[in-house]
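Below, each chain spelled out in residue letters.
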Amino acid sequence: MNREEALNCVKEQLTEHRYTHTLGVMDTAISLAERFGADVKKAEMAAIFHDYAKFRPKEEMKGIIQQEQMNPLLLDYSPELWHAPVGAYLVKKEAGIDDQDILTAIEFHTSGRPNMTLLEKVIYVADYIEPGRHFPGVEEVRELAEHDLDLALIQALKNTISFLMKKNQPIFPDTLATYNSLVHKNN
Ligand code: DGI
Ligand code: FE
Ligand code: FE
């Protein structure tokens, strides 16, 4: 599938705003892949499809998590987390994407996971810093991503965890495990 076909495919799934976000993630992911030596074509495809399931009904996502025996803990945490693993599943099933590197980049783009692949890191950070993002702390992550992908990823995770804690929201264990795996490695 080429870029145009992939974009046409996701466009039907997304709102105008989310499609614009997707284009921002695509451009950013391509730059990061070039900078840090990831596969540029895979980065482009993973970025295009990363939010594919964002607007699926919660009940549909819940059903898929149960039927496909995904991590059952997902159901005890925010439904905001569900579109990532469900997206990976649906992109394979409905769009025919079967490259495992692309699929795990989609699967873990919200929570991260310990020992993330280079492509997973590229997509996580691109999703966080694309030009349409304007939240506090994003500029610092953009600057870190100029030189060091791991430091950018750690800072994005710290910001996300702090943001959730300020809102009294629970933190998904994989998100914490991702943070822990990276601070251990970088100490
Ligand atoms: O889909 P996007 O908005 O582009 O970005 P995303 O896939 O990173 O999703 C962000 C949402 O997910 C945001 O509302 C916060 C939520 N989230 C991310 N990590 C966690 C989380 N929610 C909980 N409860 N726990 C987490 O660890
Ligand atoms: Fe997302
Ligand atoms: Fe996104």
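Owing to the predicted nature of the structure, the values given are computational and were not obtained by experimental measurement.

J.: Outline the side chain of T104, listing residues and values.
T.: When you line up the elements, T104 lands in helix α6 (residues 100-107). Looking at T104, the relative accessible area reads 11%, which means it is buried.

J.: An account of the site of ligand 1 is requested, with residue identities and associated values reported.
T.: Ligand 1 sits among 17 residues. The nearest are R18, K54, T110, R133 and T175. The side chain of K54 places a nitrogen or oxygen atom 2.7 Å from an oxygen atom of ligand 1. Here T175 contributes a side-chain N or O atom positioned 2.7 Å from an oxygen atom of ligand 1. Here ligand 1 has 570 Å² of accessible area as a free molecule, and 84% of this is covered by the chains. A breakdown of the residues in the shell around ligand 1 according to their chemical character gives 5 nonpolar, 6 polar and 6 charged.

J.: Kindly report on the coordination of the iron ion (ligand 3), identifying the contributing residues and their values.
T.: Every protein donor of the iron ion (ligand 3) is listed here as H21 (NE2), H50 (NE2), D51 (OD) and D127 (OD), and their distances to the metal cover 2.2 to 2.3 Å. On the primary sequence, the residues serving as donors to the iron ion (ligand 3) are separated as H-x28-H-D-x75-D. If you look at the iron ion (ligand 3) and the iron ion (ligand 2), they sit 3.6 Å from each other and are both ligated by D51. Linking H50 in the loop between α3 (40-49) and α4 (58-67) with D127 in helix α7 (residues 118-129), this pair joins segments that are 77 residues apart in sequence.

J.: I'd like a description of helix α1 (residues 3-11), backed by residues and values.
T.: Among the residues of α1, those classed as buried are A6, L7, C9 and V10. Taken end-on, α1 shows its buried residues confined to a sector of 160 degrees, consistent with a single buried face. In this fold, the buried residues of α1 make contact with α2 (16-36), α3 and α5 (83-95). Where α1 begins, the side chain of N2 points an oxygen toward the backbone nitrogen of E4, at a separation of 3.1 Å.

J.: Break down the coordination of the iron ion (ligand 2) for me, citing the residues and quoting the values.
T.: Around the iron ion (ligand 2), the protein contributes the donor atoms D51 (OD), H83 (NE2) and H109 (NE2), at 2.1 Å from the metal centre. If you list the donors of the iron ion (ligand 2) from N- to C-terminus, the spacing comes out as D-x31-H-x25-H.

J.: Describe the UniProt feature "domain: HD" (unreviewed entry) in the protein chain, naming the residues involved and giving the relevant values.
T.: On the UniProt side, "domain: HD" (unreviewed entry) is annotated at positions that read residues 18-132 here. Along residues 18-132, the helical share is 63% and the strand share 0%, with 10 Å between the first and last C-alpha atoms.

J.: Let's hear about the pattern of salt bridges: which residues, and what values?
T.: Evaluated as defined, the whole model comprises 12 salt bridges. D51 is paired through a salt bridge with R18; the nearest N and O atoms lie 3.1 Å apart. Linking D51 in the loop between α3 and α4 with R18 in helix α2, this pair joins segments that are 33 residues apart in sequence. Judged by relative accessible area, D51 falls into the buried class, the value being 2%. Here D99 ties to K42 by a salt bridge, and the two come within 3.1 Å at their closest N and O atoms.

Thresholds, definitions, all that
Residues numbered from 1 in each chain as written. Chains lettered and ligands numbered in written order. Predicted model: local features only at pLDDT ≥ 70, side-chain atom pairs only at ≥ 80, totals over all residues. Heavy atoms only, no water. Helix = DSSP H or I, 4+ residues; strand = E, 2+ residues; numbered from the N terminus. Buried < 20%, exposed > 50% of the residue type's maximum accessible area, 1.4 Å probe, protein only. Near = heavy atom within 4 Å. Polar contact = N/O pair within 3.5 Å; in protein donor to acceptor, adjacent residues only side chain to side chain. Areas by Shrake-Rupley, 256 points an atom, 1.4 Å probe, with all protein chains shown as cover. Nonpolar A, V, L, I, M, F, W, Y, C, P; charged D, E, K, R; others polar. Donors = N, O, S within 2.8 Å, 3.2 Å for Na, K, Ca; no water. Arc of directions from axis to C-beta. Contact = heavy atoms within 4.5 Å. UniProt positions renumbered as here; feature names shortened; annotations may be inferred. Salt bridge = Lys/Arg side-chain N within 4 Å of Asp/Glu carboxyl O.

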